[in-house]
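Observations on the model geometry
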Amino acid sequence: MTSEGHWHSAVVYQVYWRSFKDGNGDGIGDLKGLRSKIGYLSSLGVDAIWLNPTYPSPQGDHGYDVSNYFDVDPLFGTLEELEQAIDEFHDHGMAVLLDIVPNHVSSQHPWFISAKEGGHGHEAESRFIIRQGKGDSGGIPPNDWKSVFGGPAWSKFPTEAGRPQRWYLHMFDECQPDLNWENPDVHERFEKILEHWYELGVDGFRIDVAHGLYKAPGLPQIETFAGNWSACWDQPEVHEVYRRWRKISNNYDPRRFLIGEIHTSSRERLLEYVGEDQLDAAFDFSFLHQPWSAEGFVERIIENLQFADETNSPPVWTLSNHDETRHWSRYGTDPEGKPIDFVETSTRYRSLISLMLALPGRIFLFNGEELGLPQAEVPDESRQDPAFFRQPPESDYKGRDGCRVPIPWEKEEENAGFSTGEPWLPMPRNWHLYSVDAQDEDSGSMLNYYRDQIRMRKSHEWMGLGQVSQLSSDDGLLSFVKSRGQDKVMVALNFNGIPMQMPRGEILFRSGACFSEDPQLEPGEIVFLLLHEGV
Ligand code: GLC
């Protein structure tokens, strides 16, 4: 199992289980499917997995609307099966992170049902953010806050005769009422949830919307639609919650790992969340959102390394997750959004995973990225993401389904081996070309590239640990020197659209497999160069 020390340079694989592997033919991934692929994950060489929410849920936001935090959704399997899976992952040397959702619950959670059905003034109301509306009969929402998914952040409770209209706050979909963290009951319940899962062997949590929870006192009017979220997120009280969670997580051996999904207005504010007394780590979304540019990537790396120094916690690198356009498609286009040459896209893509693996810290991979999956086209009539349905008519935003399309396993099988039933999101017709069995057989495939690179990181300590120096982006060449013990390696990535002169040093590895004899560094290519004394 991943010991505390391993978290410093862990490669973590995110399993969006609905799309990973279906074991019972209902078209939705599940535990049976996941368990059948533990060998696959082990052969990829990852140290841990992060499972998207596995709790019972009406699946209004695909698990981020939890109706019971102590159990497992029957769609996914049973609690016993999850416990067995955790043991099996541990036997294969992998740790398991679950996803905890503390900002909101499902509108089908018993707490919310009591608040809704209890009527005006019922004590259950105090666990949510419920207010009377404005205007004579309360028909106008209490303030102008907008939901992250679009539309108003308030929905009505059933009307009660002779009473002003009550509204509840939901920063996401209306099936996700926000909890009131001013209420000590809420704290107690979440502490019990952590302990429940830790007792079952879970190694830690990814905390959903970790910057949420508290809202500014009085819920002041602000123009959220103009991008001002200052009253909705990142309130000072939230840190006390994580101080408590840290203490609880430290009561276990090895101490449990906490990583936050945190969006703040600045890195200074992000700093407040990470450190000995709170979270182990926070995702760095500015790296993920960085367009293809040597200068931009160098800036992001510098900021992230500084952040790591200041928090005394290794950095986190990630390029894709279940909320973002797959990075094959993001980096496979020119600045105008037109697709670029396939070979260059593939070279860029290989170079980016090699770059991340050559940086110190933790790497989070999103399932399917090791197959080089692009963002899939999903027809509007098949879309499932609540964010799509809440968009105003003029919006071009299509939601997040395109990165959630199921994984292709077997090229000859129905639905590329994902399921014998109809997949919950349609799989593009050419998806079987990306399948795991097809890539297994091809030594030059993306899958084998990922495997080789992860293996290389395991056998070369300078990659995952080591010190970075001499970061530069001169002439569109991103480069730095990585040192550990006797090893001194230059990492150089060509961000230009034309070949560059190869920097000096002994070539240890280069990403453009088909250019192995090429004396130049090709567009998008990365190289690791051993630096000998005097170079
Ligand atoms: C996070 C999750 C996202 C979810 C939202 C609401 O951003 O990553 O998938 O929809 O929180 O829980």
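Residues numbered from 1 in each chain as written. Predicted model: local features only at pLDDT ≥ 70, side-chain atom pairs only at ≥ 80, totals over all residues. Heavy atoms only, no water.

With that settled, consider the overall build of the chain. The helix and strand inventory of the chain stands at 15 helices and 18 strands. Taking 2.2 N^0.38 as the reference for a compact globule, 535 residues should give roughly 24 Å; the C-alpha atoms of the chain span a radius of gyration of 24 Å, in line with that estimate. In terms of its C-alpha atoms, the chain occupies a principal-axis envelope of roughly 85 × 50 × 50 Å. A burial count over the chain gives 60% of its 535 residues as buried. For the chain, long-range pairs separated by at least 24 residues make up 67% of all intrachain contacts whose partners lie at least 6 apart in sequence. Roughly 21400 Å² of accessible area belongs to the chain as shown, and the carbon and sulfur atoms make up 48% of that amount. (Helix = DSSP H or I, 4+ residues; strand = E, 2+ residues; numbered from the N terminus. Rg over C-alpha atoms; globule rule 2.2 N^0.38 Å. Buried < 20%, exposed > 50% of the residue type's maximum accessible area, 1.4 Å probe, protein only. Contact = heavy atoms within 4.5 Å. Areas by Shrake-Rupley, 256 points an atom, 1.4 Å probe, with all protein chains shown as cover.)

Let us now look at the sheet that holds strand β3 (residues 95-100). Read from one edge to the other, the open sheet built from eight strands follows the order β9-β8-β7-β3-β2-β1-β11-β10, with strand pairing classed as parallel. Of all strands in the sheet, those bounded by a partner on one side alone are β9 (281-282) and β10 (316-318). Here four bridges tie β3 to strand β7 (residues 204-207), and the two strands are oriented parallel to one another. In the strand pairing of β7, I100 is matched with I207. (Pairing = 2+ DSSP bridges.)

For the rest of this paragraph, the subject is the environment of V105. Checked against the element boundaries, V105 lands in the loop between β3 and α4 (110-117). Classification of V105 as buried rests on a relative accessible area of 1%. If we ignore the near neighbours within four places in the chain, the residues touching V105 are V66, Y69, F128, C175, Q176, P177 and L179.

So, about the sheet that holds strand β14 (residues 487-494). With antiparallel pairing, the five strands of this open sheet are ordered in space as β12-β13-β14-β18-β16. With partners counted over all chains shown, the strands left at the sheet margins are β12 (467-472) and β16 (506-510), one partner each. On average, each strand axis in the sheet is tilted by 25° relative to the strand beside it, whichever way the strands run. Summarising the sheet, strand β13 (residues 477-484) and β14 pair through eight bridges and their orientation is antiparallel. Bridge pairing links S479 to A492 in β14. Against the sheet, helix α11 (residues 342-357) contacts β13, β14, β16 and β18 (526-530), and its axis sits at roughly 40° relative to β18. (Axes fitted to C-alpha atoms, helices over the stretch in contact; angles between N-to-C directions.)

In this section: the site of the ligand. Close to the ligand lie 14 residues, the nearest being D61, H104, D208, E261 and D323. Between the ligand and the protein, one listed contact pairs an oxygen atom with a side-chain N or O atom of R206 at 3.0 Å. A distance of 2.9 Å separates an oxygen atom of the ligand from a polar atom in the side chain of H322. Contact with the protein chains covers 96% of the free accessible surface of the ligand, which is 310 Å². When its residues are assigned to classes, the shell around the ligand shows four nonpolar, three polar and seven charged. (Near = heavy atom within 4 Å. Polar contact = N/O pair within 3.5 Å; in protein donor to acceptor, adjacent residues only side chain to side chain. Nonpolar A, V, L, I, M, F, W, Y, C, P; charged D, E, K, R; others polar.)

Our focus in this paragraph is α4. If you check which residues of α4 are buried, you get W111, F112 and A115. The buried residues of α4 occupy one face: seen down the axis, they fall within an arc of 90°. Trailing α4 by a residue or two, G119 shows a phi angle of about 85°, which is positive. (Arc of directions from axis to C-beta.)

What follows covers a negative patch on the surface. Among the surface-exposed residues, E410, E412, E413 and E414 lie close enough to one another that they form a single negatively charged patch. Residue position: E410 is located in the loop between α12 (386-389) and α13 (436-441). (Patch = residues over 30% accessible without salt bridge, like charges linked within 9 Å, V, L, I, M, F, W, Y side chains within 5 Å. Salt bridge = Lys/Arg side-chain N within 4 Å of Asp/Glu carboxyl O. Lys, Arg positive; Asp, Glu negative; His and termini not counted. Charge placed at Lys NZ, Arg CZ, Asp CG, Glu CD.)

Most of β14 sits out of view: six of its eight residues are buried. The loop that links β13 with its antiparallel partner β14 comprises two residues; one of these, G485, has a positive phi angle of about 55°. Taken together, the five bridges between β14 and β18 define a ladder with antiparallel strand orientation. If you follow L493 over to β18, its bridge partner there is I526.

All right, on to the domain arrangement of the chain then. Split into domains, the chain comes out as domain 1 (4-104 + 184-452), domain 2 (110-169) and domain 3 (466-530). Just the C-alpha atoms count here: the centres of domain 1 and domain 3 sit 29 Å apart. Across the domain 1/domain 3 interface, buried area totals approximately 1700 Å², and carbon plus sulfur atoms make up 78% of it. The set of elements that each furnish at least two residues to the side of domain 1 that touches domain 3 consists of α9 (294-311) and α11. It is α11 that provides the largest number of residues to the side of domain 1 that touches domain 3, a total of eight residues. Looking at the side of domain 1 that touches domain 3 residue by residue, the class counts come to 13 nonpolar, four polar and four charged. (Domains from an automatic or database assignment. Buried area = accessible area lost by both parts, 1.4 Å probe.)

For S351, the location among the structural elements is in helix α11. There is a polar contact of 3.2 Å between the side chain of S351 and the backbone nitrogen of I526.

Turning our attention to the pattern of salt bridges. Overall, the coordinates contain 33 salt bridges when judged by the stated rule. For the salt bridge of R390 with E174, the shortest nitrogen-to-oxygen distance reads 3.8 Å. With R390 in the loop between α12 and α13 and E174 in the loop between β6 (166-169) and α5 (184-199), this residue pair connects regions lying 216 residues apart in the sequence. Two residues, E525 and R510, come together in a salt bridge whose shortest N-O distance is 2.6 Å. Remark: R510 occurs in strand β16 and E525 occurs in the loop between β17 (520-521) and β18; sequence separation between them is 15 residues. You'll find E525 and R510 in the same group, each marked buried. Among the charged side chains, a salt-bridge network with shared partners connects D61, D323, D385, R400 and R404.

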